[in-house]
Amino acid sequence: MKAVVFAGDGQVRVASVPEPQVVDPGDAVVRVRRAAVCGTDLHLVAHAGDLPVGTVLGHEFAGEVAAVGPGVRTHAVGDLVAGADFTACGTCWWCRRGDHWECAQRRFFGTGPAFGPPLAGAQAELVRVPFADTALRPVPDGVGLDAAVFLGDTLATGYAAVRRAGPRPGTPSRCWAAGRSGSSRASPRRRAAPGS
Ligand SMILES: [Zn+2]
Ligand SMILES: [Zn+2]
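Everything numeric in this text was worked out from a predicted model, so none of it was measured.

Chemist: Please clarify how the sheet that holds strand S8 (residues 126-129) should be interpreted in this entry.
Modeler: Whether parallel or antiparallel, the strands of a sheet pair through hydrogen bonds between backbone atoms. Read across the sheet, five strands follow the order S8-S3-S4-S5-S9 without closing on themselves; strand pairing throughout is antiparallel. The open sheet has two edge strands with one neighbour each: S8 and strand S9 (136-138). Taking the axes of each pair of neighbouring strands and ignoring which way they run, one obtains an average angle of 45° across the sheet.

Take a look at the structure:
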């Protein structure tokens, strides 16, 4: 299959790489229909550190389930899904609290060893998703894939930032840089604290 890979020296290229397979029972393989480029991708490529050449990049995606392992309970082949930017077990103490980032089995798509054991990214025709029941959500009715691709990282990051900030109605707030990331913070902010 074709995938966007890190080519070294600040470069990326499209390469042919092996198709991912279901490895563990909780895995799904998703046929990627939309993938986005994140600022994290740009930082990684520009300041590669120990990012291996050939790493398949990308962690923002939506697509169609192409295969599931026998342990996957909430998704089936053919389902349209939005992916989270990283995966976590979903069952440990941290995950049950909703703190998936602290999960000892956390793996971040397409970032090499920066945030856990490497996991191939989603700027590819297919992506393997460990712990698919945790990392994938069905695309809601009426939501197109052009919007769904922003659910798993961009909007989720904005939502989490607003929740941590604990806004109160009427409290002034300001958002610098209203691109897709800034907008994804401003919108939950307005919902959480109307009139601010
Ligand atoms: Zn991102
Ligand atoms: Zn966990």
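Chemist: I keep staring at the nonpolar core and nothing clicks. Help me out?
Modeler: The nonpolar side chains of a soluble globular protein tend to be buried with one another. Counting residues in hydrophobic clusters, the biggest one holds 44 residues, and the most contacted among them are Ala28, Val30, Val32, Val81, Ala124, Val127 and Ala132. Looking at this core, the elements with two or more residues in it are strand S1 (2-8), strand S3 (28-36), strand S4 (60-68), strand S5 (80-83), S8, helix H3 (132-135) and helix H5 (151-165). Considering each element in turn, this core owes the most residues, five residues, to S3. Residue-level mapping places this core at the junction of two domains, with at least three residues from each of domain 1 (2-139) and domain 2 (150-189). For Val127, the contacting residues outside a window of four places in its chain are Pro20, Val30, Val32, Phe61, Phe109, Ala120, Gly121 and Ala122.

Chemist: Even after reading the chapter, I still don't get unusual backbone geometry, so can you show me in this structure?
Modeler: Of all residues except glycine, most have a negative phi; of all peptide bonds, most are trans. Its identity is not glycine, yet Asp9 carries a phi of approximately 55°, on the positive side. When you line up the elements, Asp9 lands in the loop between S1 and strand S2 (11-16). Asp9 gets classed as exposed once you count the C-beta atoms within 10 Å, which come to 8. Residue Phe131 is not a glycine yet carries a positive backbone phi of 50°.

So, how was this worked out
- Residues numbered from 1 in each chain as written.
- Chains lettered and ligands numbered in written order.
- Predicted model: local features only at pLDDT ≥ 70, side-chain atom pairs only at ≥ 80, totals over all residues.
- Pairing = 2+ DSSP bridges.
- Helix = DSSP H or I, 4+ residues; strand = E, 2+ residues; numbered from the N terminus.
- Axes fitted to C-alpha atoms, helices over the stretch in contact; angles between N-to-C directions.
- Core = buried A, V, L, I, M, F, W, Y, C linked by C-beta atoms within 7 Å.
- Buried ≥ 20, exposed ≤ 12 C-beta atoms within 10 Å, placed from the backbone.
- Domains from an automatic or database assignment.
- Contact = placed C-beta atoms within 7 Å.

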